[in-house]
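# A structural walkthrough
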Amino acid sequence: MFNDTLIRAARGEKTEHTPVWFMRQVGRSQPEYNKVKEKYSLIEITKQPELTAYLTATPVDNYNVDAAVLYKDIITPLAPIGIDVEIKAGVGPVIHNPVRTEQDVEKLGELDPFKDLDYVYKAIQILTQEKLNVPLIGFCGAPFTVASYMIEGGPSKNYHRTKTMMYSNPKLWFKLMDKLVETSIAYLTAQIKAGASVIQIFDSWGGALNEADYNFYLAPGMKKIINAVKAQNVPVIVFGIGASHLAAEWDKLGSDVLGLDWRMSITQARELGITKALQGNLDPALLLSDWSVIEERAKKIVEEGNRTGHIFNLGHGVFPEVDPDVLKRLTELVHTHSKGL
Ligand SMILES: Cc1c2[nH]c(c1CCC(=O)O)Cc1[nH]c(c(CCC(=O)O)c1C)Cc1[nH]c(c(CCC(=O)O)c1C)Cc1[nH]c(c(CCC(=O)O)c1C)C2
């Protein structure tokens, strides 16, 4: 039987148990993943639909989580539009032709998702037609987060080149935003057509901006992407790290769910007047503590969420050092404890 608990929670409903998934549930904490990584890089894996589907389904089988998240990266749609990108071990995405001038932006191509990324959609089809009995979460990076890699050329601490383009050449900035909004909509629409039934937009680094700047430079593009997904009757989660100061602004973007990191509690978000579904928000570092500490903190979050419009997750991705048995035990704890509420 199909377990749609996470979709109902995303729509704000009361559910029989609190649904759980973990950001980076496919990744270096898993022996199965590490074995595959000895042979192939992330980009090589994503080009093999059977292998991608196998890795994506593994945490559902091993931990009993309520959703799968497609194994790929936020940079996956960039190569087809002309970005020379690799994922460097221990670093992250590195871009060899950063986008910094008007010419660079104009050179960016158009994404034809089913043609350019057919392997992504094949993996989704294998998963949703054959393998999964839980929703598949499709995703993209938000325009600011993706633009930060494109402009900086890789991971950044202060995003100074990105902010320089934004503040000093808003015309060029909005041209780039239009391009990324259009690419994201095409990309997400194709993921939904292939079978994804929930979408998460990762604005991981959006918290680098203050509320007024986010509102002016980013919110219009985010609203367009969110509206395009919602028009396809699929719930949308917006998530960022260190973005508590933007919670009230992000609440107005129109997503179904707000993903919280560990800095703001569910109770604090409710006190701010946020009524939509919430996702989160155990500090991922806690998973390296004693089980008694994890148990106490997780139960508190489950109680705050009260099995109503709440999706349990970490405040950011699983660290590679985490014991997979802890994720299994935690999923079980959230399920049982929430049933008792
Ligand atoms: C497992 C993995 C991924 N990407 C990278 C890794 C680790 C390295 C590897 O195994 O090759 C490099 C990889 N890719 C990226 C980074 C971050 C680099 C940085 O600090 O800027 C790294 C190490 C960029 C990236 N990539 C992603 C984000 C948004 C979420 C977040 O904030 O973590 C971001 C910012 C999304 C992402 N990336 C991935 C997934 C699917 C797996 C899952 O969640 O279970 C997802 C959802 C897959």
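Predicted, not measured: the structure shown is a model, and the values here were computed from it. (Residues numbered from 1 in each chain as written. Predicted model: local features only at pLDDT ≥ 70, side-chain atom pairs only at ≥ 80, totals over all residues. Heavy atoms only, no water.)

## Brief notes about the overall build of the protein chain
Counting its secondary structure elements, the protein chain contains 15 helices and nine strands. Its C-alpha atoms give the protein chain a radius of gyration of 19 Å, near enough to 20 Å, the size a compact globule of 341 residues would have. In terms of overall dimensions, the protein chain has C-alpha extents of about 60 × 45 × 35 Å along its principal axes. When the 341 residues of the protein chain are sorted by exposure, 57% land in the buried category. Sequence-distant contacts in the protein chain: of pairs separated by 6 or more residues, those separated by 24 or more amount to 72%. In the structure as shown, the protein chain presents an accessible area of about 14,200 Å², 49% of it carried by carbon and sulfur atoms. (Helix = DSSP H or I, 4+ residues; strand = E, 2+ residues; numbered from the N terminus. Rg over C-alpha atoms; globule rule 2.2 N^0.38 Å. Buried < 20%, exposed > 50% of the residue type's maximum accessible area, 1.4 Å probe, protein only. Contact = heavy atoms within 4.5 Å. Areas by Shrake-Rupley, 256 points an atom, 1.4 Å probe, with all protein chains shown as cover.)

## Some details on the UniProt feature "binding site: substrate" (unreviewed entry) in the protein chain
Mapped onto this structure's residue numbering, the UniProt feature "binding site: substrate" (unreviewed entry) falls at Arg24, Gln25, Val26, Gly27, Arg28, Asp73, Tyr149, Ser204 and His316. These annotated residues cover 293 residues of sequence, and their C-alpha atoms sit far apart, with the largest distance between any two at 22.9 Å. Residues that both appear in the annotated list above and line the largest pocket are Arg24, Val26, Gly27, Arg28, Asp73, Tyr149, Ser204 and His316. If you trace the backbone, Val26 turns up in the loop between helix H1 (5-10) and helix H2 (31-37). Excluding residues within four positions of it along the chain, Val26 makes contact with Tyr33, Leu55, Thr56, Pro59, Val69 and Tyr71. Within the fold, Asp73 resides in the loop between strand E1 (68-69) and strand E2 (85-88). Every residue in contact with Asp73, bar those within four places of it in the chain, is listed here: Arg24, Leu42, Ile87, Pro93, Phe139 and Tyr187. (UniProt positions renumbered as here; feature names shortened; annotations may be inferred. 1 Å grid on protein atoms, 1.4 Å probe; cavity = no way out; pocket = protein on both sides within 12 Å on 5 of 7 lines; lining within 4 Å.)

## Overview of the site of the ligand
Lining the immediate environment of the ligand, one finds 23 residues, of which Tyr33, Lys37, Asp73, Tyr149 and Ser204 sit closest. In the environment of the ligand, an oxygen atom lies 2.8 Å from a nitrogen or oxygen atom belonging to the side chain of His316. With the chains in place, 87% of the 870 Å² that the ligand exposes on its own is no longer accessible. Of the pockets mapped on this structure, the ligand occupies the largest pocket. If you list the elements that add at least two residues to the shell around the ligand, you get H2 and strand E3 (92-95). Here the shell around the ligand is composed, by residue class, of 15 nonpolar, four polar and four charged. (Near = heavy atom within 4 Å. Polar contact = N/O pair within 3.5 Å; in protein donor to acceptor, adjacent residues only side chain to side chain. Sits in = over half its atoms within 2 Å of the grid points. Nonpolar A, V, L, I, M, F, W, Y, C, P; charged D, E, K, R; others polar.)

## Some remarks on the sheet that holds strand E5 (residues 198-202)
One open sheet accounts for seven strands, arranged E1-E4-E5-E6-E7-E8-E9; its pairing is parallel. Either end of the sheet is taken by a strand with one partner, and the two such strands are E1 and strand E9 (310-311). Direction of pairing for strand E6 (residues 236-239) relative to strand E7 (residues 257-259): parallel, over a ladder of three bridges. Residue pairing for E7: Ile237 is matched across the bridge by Val257. (Pairing = 2+ DSSP bridges.)

## Looking at the layout of surface pockets
Approximately 1,200 Å³ is the volume found for the largest pocket. In terms of lining residues, the largest pocket is bounded by 39 residues, among which Arg24, Arg28, Leu42, Asp73 and Gly92 are the most central. For the lining of the largest pocket, the secondary-structure elements that each account for two or more residues are H2, E2, E3 and helix H8 (143-152). Here the lining of the largest pocket is composed, by residue class, of 23 nonpolar, 10 polar and six charged. Of the voids in this model, the second largest pocket is the one considered here, and its volume is about 190 Å³. The wall of the second largest pocket is formed by Trp262, Met264, Ser265, Asn281, Leu282, Asp283, Leu286, Arg297, Lys300, Ile301 and Glu304. Class assignment of the residues belonging to the lining of the second largest pocket gives a composition of five nonpolar, two polar and four charged. (Points joined across faces, edges and corners; volume = space filled by probe spheres on them.)

## What about the pattern of salt bridges?
A side chain of one charge can pair with a side chain of the opposite charge if their charged atoms are brought near each other. Tallying each qualifying case throughout the model produces 13 salt bridges. In this structure, Glu102 engages Lys175 in a salt bridge whose closest nitrogen and oxygen atoms are separated by 3.2 Å. Placement of the pair is Glu102 in helix H5 (residues 102-107) and Lys175 in helix H10 (residues 170-194), with a sequence separation of 73 residues. You can call Glu102 partly exposed: its relative accessible area is 43%. The partner of Lys299 in a salt bridge is Glu295, and the shortest N-O contact between them spans 3.6 Å. Highlighted residues: Lys299 and Glu295, both in helix H14 (residues 291-305), separated by four residues, approximately one helical turn. On the accessibility criterion, Glu295 (25% relative accessible area) is partly exposed. (Salt bridge = Lys/Arg side-chain N within 4 Å of Asp/Glu carboxyl O.)

## Thoughts on the UniProt feature "domain: Uroporphyrinogen decarboxylase (URO-D)" (unreviewed entry) in the protein chain
Per the UniProt record, "domain: Uroporphyrinogen decarboxylase (URO-D)" (unreviewed entry) is annotated on residues 19-28 and 137-153. From the first C-alpha to the last, residues 19-28 spans 23 Å; its make-up is 0% helix and 0% strand. Taken end to end, residues 137-153 has its terminal C-alpha atoms 27 Å apart, with 59% of it in helix and 29% in strand.

## Focus on the pairing of E6
The alternating pattern of E6 places Val236 and Val238 on one face and Ile237 and Phe239 on the opposite face, and all of these are buried. Handedness of the β-α-β unit built from E5, helix H11 (residues 211-230) and E6 comes out right-handed. (Right-handed = clockwise from strand over helix to strand, strands pointing away.)

## Comments concerning the packing of helix H9 (residues 160-168) against H10
Direction vectors running N to C along H9 and H10 enclose 115°, while the axes themselves pass 5 Å from each other. Of the possible angle classes, the one that applies to H9 and H10 is roughly perpendicular. Between H9 and H10, the residues in contact are Thr162, Met165, Met166, Tyr167 and Ser168 and Pro170, Leu172, Trp173 and Leu176, respectively. Of the residues contributing to the contact of H9 with H10, the split by class is seven nonpolar, two polar and no charged. (Axes fitted to C-alpha atoms, helices over the stretch in contact; angles between N-to-C directions. Parallel < 35°, antiparallel > 145°, perpendicular 65-115°, else oblique.)

## A short note on the environment of Lys122
For Lys122, the position within the fold is in helix H7 (residues 118-131). Of the residues examined, Lys122 reaches a relative accessible area of 43% and is grouped as partly exposed.

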